[in-house]
Amino acid sequence: MYITGRREEELAKAKAEIGDNVATVWGDIADLDDLDRLWERVKEERGSVDIIFTNAGIAEAATLPQATPEHFDKVFSINARGTFFTVQKALPRSTTEDPSSSCRVSPIGWAGRTSRPTRPARPPCAPTPAAGPSSSRTSGSGSPPSAPGPVETPILDGLYAGQTAADGEAVRAGLAGTVPMGRLAEPEEIAKAVLFLASDDNSYMTGADLPVDGGSTQL
């Protein structure tokens, strides 16, 4: 298993939690040179790719009048463009003669699946989840994405500039209020869905969405 990310400290924590048979590769998903370096290392050490789980994303607040081209490009470079090229550059290293047979699991935020209005403070972020389903179906990956709802992760602690701990709790409460089940997902709940999609148990699924969102897209 290989995990990659921009924060070396977090990579080290993830490696310690996962334990054996995991390697970390520092890199920025928005940097195509970093992606080349990642997949070249995988090729040299393992030779091929079985499963790709693309999970990089940022959510930086900016109202529509405040959003700048730089802010827009930064968000899309990570949330949409980086994911697309992560998969594209992995296809030649797939485990089968048909690269599209390799399993790709891509979490697509519930904002990309629901018709409800998105929060006005994050307009550049709001369209990026919708880019996921489109790239999944056109990149030739032929594999099912999952669609998680709001998840209890540290990204919620810094969603807004100058956000305090109390603000973070308010954000969590507001997000939970949009979910029919009335709570945020735990990371482990998303992980279980990912493990299912990456296993042989879903052998007759492809190109499908698996909402793991507490009912947000259905109710």
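Just above sits the structure.
Bear in mind the structure is a predicted one, so any value in this text is a computation, not a measurement. (Residues numbered from 1 in each chain as written. Predicted model: local features only at pLDDT ≥ 70, side-chain atom pairs only at ≥ 80, totals over all residues. Heavy atoms only, no water.)

We now examine the overall build of the protein. Looking only at helices and strands, the protein has six helices and six strands in total. A total of 219 residues make up the protein; the buried ones form 38% of that total. A separation of at least 24 residues holds for 65% of the contacts in the protein among residues at least 6 apart in sequence. (Helix = DSSP H or I, 4+ residues; strand = E, 2+ residues; numbered from the N terminus. Buried < 20%, exposed > 50% of the residue type's maximum accessible area, 1.4 Å probe, protein only. Contact = heavy atoms within 4.5 Å.)

Residues Ile3 and Gly5 point to one face of strand 1 (residues 2–5) and are all buried, whereas Tyr2 and Thr4, pointing to the other face, are not buried. Where strand 1 meets strand 2 (residues 23–26), four bridges bridge the pair, whose relative direction is parallel. Directly across from Tyr2, in strand 2, lies its bridge partner Ala23. Where the polypeptide runs from strand 1 across helix 1 (residues 8–18) and back to strand 2, its parallel neighbour, the crossover connection is right-handed. (Pairing = 2+ DSSP bridges. Right-handed = clockwise from strand over helix to strand, strands pointing away.)

The topology assignment puts Phe53 in strand 3 (residues 51–53). Here Phe53 falls in the partly exposed class, since its relative accessible area comes to 38%. For the pair Phe53 and Val105, spaced 52 residues apart in sequence, the C-alpha to C-alpha distance is 4.8 Å.

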